[in-house]
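Chain and residue survey
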Amino acid sequence: MIEARGLCKVFQDGKRGPVAAVDDLSFACEKGRIYGLLGRNGAGKTTTLRMLATIFLPTSGSATVDGFDIVREGARVRERIGFHTGDTRLYDRLSGREALIFYGRLQGLSRDEARGRVETVARLYGLAEFFDRRVGKMSTGQQQRISIARVAVHDPPVLILDEPTVGLDVFGAREVLETVRRFRDQGKCIIFSTHIMTEAEKLCDTIGIVESGRLLAEGTTAELKDRVGSHDLEEVFVRLVQQAGTVESGAAAGRRV
C-alpha cells in the first residue's frame, strides 16, 4: 500500500549549498504490516514521512500510497492516510471527545459520522477512562493516545507515525505501542519512525535502517542480526552506521586526492 522508489529531497542551505536530506530511498509496506524507519536524529526519517504525507514534494523519485501518486494525486493520498507528528498539538480546552469530533469533521465526516466514529475509536483503543476530560487536564501519555486516535478517526487504510512515543514514560509508551498493534490487527498499513531500538524490535515486521538519507539495510530483526552477526539490535544499528561513515569518509578522501 506504500511504495517509495528512489525518493530524494534536497534543501538549499545558505552556507553549505544543496543538502540531500533524503537520497535515493526505496522501500515498500503492505497492509497489515508495520514498517519501521530506524535512524538517529537527522537521518532523514521525518523528511521521508513528510513526502509520503504530501507535505513536502520530492526533488526526484516517486512514491504511491494506496495506489495514488504523492505528487500527481496528493488530495487522494491525503484522504487515505492518518499522519501523526510531534508537531501536532491538541486544544487544551476541548475534551478528548470534542477533539476527535473536531478532527473527524476536518477529514470530511458529517457531524453524525464523526460522532459515531469517535465512539468506535474510543472503544477500540481504550480511551473511555479519560475521554471526556479536558485535554489540558490529561497526562502526557493520555494526550498522546488522543493524538494518535485522531489520525484514525476517519478510518484511513494507511497510518504514518513519526516517533509517537517521544517524551512518554514507560507506561505511556507501552499504551501507545499497544494502540499501534491494534491498528495493524485491523489490517492497516503502518510506517513507524523511531530511534528507539526496543520499540522497533517489539513492534515492526520489517525494519529499514536509515543514515544520511540513505537506506543502509532492510529486513526483519532476525535477518538484520544475522547479517551483522549480533544478537543485539542496537549493536547491529551502530555497526551499520559506523560502516557507512567509514565508507563515506574513504570516498571523500579519494575525491580530495
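This write-up is about the structure you can find in this document. (Residues numbered from 1 in each chain as written. Predicted model: local features only at pLDDT ≥ 70, side-chain atom pairs only at ≥ 80, totals over all residues. Heavy atoms only, no water.)

Focus on helix α5 (residues 140-150)
Condition: Three labels apply to residues, based on accessible area from a 1.4 Å probe with only protein chains included: buried if under 20% of the type maximum, exposed if over 50%, partly exposed otherwise in between. Where helices and strands are cited, they refer to DSSP runs of H or I of at least four residues and of E of at least two residues respectively, numbered from the N terminus. In this description, contact between two residues means that some pair of their heavy atoms is separated by no more than 4.5 Å.
Among the 11 residues of α5, nine are classified as buried, and the element is accordingly described as predominantly covered. All of the buried residues along α5 are Gly-141, Gln-142, Gln-144, Arg-145, Ile-146, Ser-147, Ile-148, Ala-149 and Arg-150. Considering only its buried residues, α5 is in contact with β6 (81-84), α3 (96-106), α4 (111-124) and α6 (170-185).

Brief notes about the pattern of salt bridges
Think of it this way: side chains of opposite charge can pair up when their charged atoms draw near. Convention followed: Only one rule defines a salt bridge in this text: a Lys or Arg side-chain nitrogen within 4 Å of an Asp or Glu carboxyl oxygen.
Applying the stated criterion across every chain, the model contains 19 salt bridges. A salt bridge links Arg-181 to Glu-178; its shortest N-O distance comes to 3.5 Å. Of this pair, Arg-181 and Glu-178 are both found in helix α6, three residues apart, which corresponds to roughly one turn of the helix. Accessibility expressed as a relative area gives 33% for Glu-178, which makes it partly exposed. Taken together, the shared-partner salt bridges connect Asp-66, Arg-76, Glu-79 and Arg-80 into one network.

Digging into the sheet that holds β6
What counts here: Here, a strand pair is defined by DSSP locating no fewer than two bridges between the strands. Interaxial angles span 0 to 180 degrees and are taken between N-to-C directions of axes, which are lines fitted to C-alpha atoms, for helices over the stretch in contact.
In spatial order, the strands read β6-β7-β8-β3-β9-β10; together these six strands make up an open sheet with mixed pairing. Both edges of this open sheet fall to β6 and β10 (214-219), since each of them pairs with a single strand only. Here the average twist between neighbouring strands, direction ignored, is 15°. The pairing of strand β3 (residues 34-38) with strand β9 (residues 206-211) spans four bridges and is parallel. When the sheet's bridge partners are listed, Gly-36 is paired in β9 with Ile-207. The strands touched by helix α1 (residues 45-52) within the sheet are β3, β6, β7 (158-162) and β8 (189-194), with β7 carrying the most contacts at an inclination of about 155°.

Description of the side chain of Thr-179
Positionally, Thr-179 belongs in helix α6. For Thr-179, a relative accessible area of 5% gives the class buried. Ignoring sequence-local partners within four residues, the contact set of Thr-179 consists of Tyr-125 and Ile-148.

What to know about the side chain of Thr-221
With respect to the secondary-structure elements, Thr-221 resides in helix α8 (residues 221-228). Note on Thr-221: relative accessible area 13%, which makes it buried. Among residues more than four places away in sequence, those in contact with Thr-221 are Glu-201 and Ile-207.

Structural notes on α8
Our working definition: What the arc measures is the spread of directions leading from the helix axis to the C-beta atoms.
Residues of α8 that are buried: Thr-221, Leu-224, Lys-225 and Val-228. With its buried residues spanning 100° around the axis, α8 presents them on a single face. The outward face of α8, more than 90 degrees from its buried face, is lined by the exposed residues Asp-226 and Arg-227. At the C-terminal side of α8, Gly-229 shows a positive phi close to 80°.

So, the packing of aromatic side chains
Worth spelling out the cut-off: Ring geometry is summarised as follows: Phe, Tyr and Trp rings, the Trp one being its six-membered ring, pair when their centres sit within 6.5 Å, and such pairs are stacked at plane angles under 30 degrees, edge-to-face over 60 and tilted between the two.
Tallied over the full model, the rule gives five aromatic pairs. Measuring from ring centre to ring centre gives 4.8 Å for Phe-27 and Tyr-35, while their planes differ by 20°; the resulting arrangement is stacked. The exposure classification of Phe-27 matches that of Tyr-35, with both residues buried. Measuring from centroid to centroid gives 5.7 Å for Tyr-91 and Phe-102, while their planes differ by 85°, and the two rings are edge-to-face.

What about the layout of surface pockets?
Heads up, the rule is: Lining residues are those with an atom within 4 Å of a point, where the points come from a 1 Å grid over the protein atoms alone and group into cavities, where a 1.4 Å probe fits but cannot get out, or pockets, open sets with protein on both sides within 12 Å along at least five of seven lines. Grid points are joined across faces, edges and corners, and a volume is the space filled by probe spheres set on the points. For this classification, Asp, Glu, Lys and Arg are treated as charged, while Ala, Val, Leu, Ile, Met, Phe, Trp, Tyr, Cys and Pro are nonpolar and the rest, including Gly, are polar.
Approximately 330 Å³ is the volume attributed to the largest pocket. Every residue lining the largest pocket is counted, 18 residues in all, and those nearest its centre are His-84, Thr-85, Gly-86, Thr-88 and Gln-144. For the lining of the largest pocket, the element with the most residues is α5, which contributes four residues. Of the residues that constitute the lining of the largest pocket, the class distribution is four nonpolar, nine polar and five charged.

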